[in-house]
Amino acid sequence: MIVGREHVEAAANAIRKQWSGRPLSGLILGTGLGNLAATVEVETCIDFESIPHFPRATALSHRGRWISGKLAGVPVVVMDGRLHGYEGYSAAQIAFPVRVMSELGAKLLIVSNACGGMNPNFRAGDVMVVEDHINLTGDNPLVGPHDLNPGLGYPDMSGPYDPRLIDCALSIARREGIVAHRGVYVGVQGPSYETRAEYRFLRRIGGDAVGMSTVPEVIVAAQCGLRVLALSVVTNVCSPDRLLSTDGNRVVAVAQSAEPLVRAIVAGVIASEAASL
């Protein structure tokens, strides 16, 4: 799929027909974190496949719904479920909804995901606030011809994760007694989990956590000028020397148990940002 201005406008206009709000933030809910959508004051809910040019969500626990409404009294749009490269989608397709969020007027992007923790200080159920990433997905959403963001085909990626949002998230975590770390997220294609040798390699190149999402959306957010906060839930500890087997159901279960922690941080950040306007 070559993403063009007409595709973004068609998707945004379809949403505007059902919702006239202007969101402060777009939210993308990762694996096992869909229950956060229940805290949104829902004004409209649209299945992905009912929005022009949106792919279907097929991954475990991803409902595939676009929700518009309010969180902590603030207008937001929410992807209840996301898209992944391992579902057969290109990075451009995965990040397409971020362009739609920007077209609707969002200034922030808040992304959540489930991840494997490689930092020895991490434990299952901890939250990692992403301060940087390494793209090992083998794809980039800006590859190929498109007519979006003229002159920004080579966006600066020296600081895609907003320092003020990071500090706000960590401050809220301390206040709420949530174990939260800063760290580097490694994005990979999936869907298989990593071998022992791969975990050693990813840790050696600077990764604190590894997952199968987030990077394409953040690259497009940088191109669109959105400020970004990414929150990773550590669902399994990836120590090569004492590696335990894992599966998708266990990842979902741990992420769901940590969802209230992510919810508290997200709601606090959004309320703080709204108050600063």
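Residues numbered from 1 in each chain as written. Predicted model: local features only at pLDDT ≥ 70, side-chain atom pairs only at ≥ 80, totals over all residues. Heavy atoms only, no water.

1. Quick word on the side chain of His181
Then comes step 1: Structurally, His181 can be placed in strand β7 (residues 180–188).
Then comes step 2: Accessibility expressed as a relative area gives 18% for His181, which makes it buried.
Then comes step 3: Excluding residues that lie within four positions of it along the chain, His181 makes contacts with Asn121, Phe122, Asp126, Val127, Met128, Val129 and Leu170. (Helix = DSSP H or I, 4+ residues; strand = E, 2+ residues; numbered from the N terminus. Buried < 20%, exposed > 50% of the residue type's maximum accessible area, 1.4 Å probe, protein only. Contact = heavy atoms within 4.5 Å.)

2. Some thoughts on the nonpolar core
Then comes step 1: Judged by nonpolar contacts, the single largest core of 78 residues is most densely connected at Leu27, Trp66, Val100, Leu109, Ile265, Val266 and Val269.
Then comes step 2: In this structure, Val266 is in contact with Leu27, Leu36, Leu71, Ile110 and Leu231, ignoring residues within four places of it in sequence.
Then comes step 3: Among the nonpolar cores identified, the runner-up in size contains 8 residues, and Met118, Val186, Val188 and Tyr199 belong to it. (Core = buried A, V, L, I, M, F, W, Y, C linked by side-chain atoms within 4.5 Å.)

3. Quick word on the packing of aromatic side chains
Then comes step 1: Here the structure, examined in full by the defined rule, presents 3 aromatic pairs.
Then comes step 2: Taking the centre distance of 5.5 Å and the plane angle of 55° together, the rings of Phe48 and Phe54 count as tilted.
Then comes step 3: A relative accessible area of 0% means that Phe48 is categorised as buried.
Then comes step 4: When the centroid spacing of 5.6 Å and the interplanar angle of 75° are considered together, the rings of Phe54 and Phe96 count as edge-to-face. In this pair, Phe54 is assigned in the loop between β2 (41–47) and β3 (65–71) and Phe96 in helix α2 (residues 91–104), connecting sequence segments 42 residues apart.
Then comes step 5: With relative accessibility at 7%, the residue Phe54 sits in the buried group.
Then comes step 6: On the basis of relative accessibility, which here comes to 1%, the residue Phe96 falls in the buried class. (Phe/Tyr/Trp six-rings, centres within 6.5 Å; stacked < 30°, edge-to-face > 60°.)

4. So, the pairing of strand β6 (residues 127–136)
Then comes step 1: Here 9 bridges tie β6 to β7, and the two strands are oriented parallel to one another. Considered in β7, the bridge of Asn135 is made with Gly187. (Pairing = 2+ DSSP bridges.)

5. Here we look at the packing of helix α1 (residues 5–16) against α2
Helix-helix packing is characterised by the crossing angle of the two axes and by the distance between the axes.
Then comes step 1: Where α1 meets α2, the closest approach of the two axes is 9 Å, and the angle between their N-to-C directions is 65°. By crossing handedness, the relation of α1 to α2 is classed as right-handed. Here α1 contributes Arg5, His7, Val8, Glu9, Ala11, Ala12, Ile15 and Arg16 to the contact with α2, which in turn contributes Phe96, Arg99, Val100, Glu103 and Leu104.
Then comes step 2: A per-class count over the contact of α1 with α2 returns 7 nonpolar, 1 polar and 5 charged. (Axes fitted to C-alpha atoms, helices over the stretch in contact; angles between N-to-C directions. Left-handed = near helix turned anticlockwise from the far one by under 90°. Nonpolar A, V, L, I, M, F, W, Y, C, P; charged D, E, K, R; others polar.)

6. Points about unusual backbone geometry
Then comes step 1: Cis rather than trans, the peptide bond between Gly190 and Pro191 has omega equal to 5°.
Then comes step 2: Note on placement: Pro191 falls in the loop between β7 and α4 (196–204).
Then comes step 3: Although it is not a glycine, Ala72 adopts a positive phi angle of roughly 55°.
Then comes step 4: The topology assignment puts Ala72 in the loop between β3 and β4 (74–80).
Then comes step 5: Under the relative-accessibility criterion, Ala72 is labelled partly exposed at 46%.
Then comes step 6: One non-glycine residue with positive phi stands out, namely Thr214, at about 75°.
Then comes step 7: For Thr214, the location among the structural elements is in the loop between β8 (209–211) and α5 (215–224).

7. Quick word on the pattern of salt bridges
Then comes step 1: Enumeration according to the criterion identifies 13 salt bridges in this entry.
Then comes step 2: Among the salt bridges present, the one from Arg65 reaches Asp80, with a minimum N-O distance of 2.6 Å. Remark: Asp80 occurs in strand β4 and Arg65 occurs in strand β3; sequence separation between them is 15 residues.
Then comes step 3: The class for Arg65 is partly exposed, based on a relative accessible area of 25%.
Then comes step 4: One salt-bridge network, held together by shared partners, links Asp162, Arg164, Arg227 and Glu273. (Salt bridge = Lys/Arg side-chain N within 4 Å of Asp/Glu carboxyl O.)

8. What to know about the packing of α2 against α5
Then comes step 1: Interhelical geometry of α2 versus α5 gives an angle of 40° and a closest axis separation of 8 Å. It follows that α2 is oblique to α5 by the angle criterion. Taken as a pair, α2 and α5 cross one another with a handedness that is right-handed. In this structure, α2 contributes Ala91, Ile94, Ala95, Val98, Arg99 and Ser102 to the contact, and α5 contributes Pro216, Glu217, Val220, Ala221, Gln223 and Cys224.
Then comes step 2: Across the contact of α2 with α5, the residue classes tally to 8 nonpolar, 2 polar and 2 charged. (Parallel < 35°, antiparallel > 145°, perpendicular 65-115°, else oblique.)

9. Structural notes on the confidence of the model for the protein chain
Then comes step 1: Confidence along the protein chain averages 90 in pLDDT terms, with 93% of residues attaining 70 or more.
Then comes step 2: Summarising per-element confidence for the protein chain, the mean pLDDT is lowest in helix α6 (residues 248–276) (86) and highest in β6 (98). (pLDDT = per-residue confidence, 0-100.)

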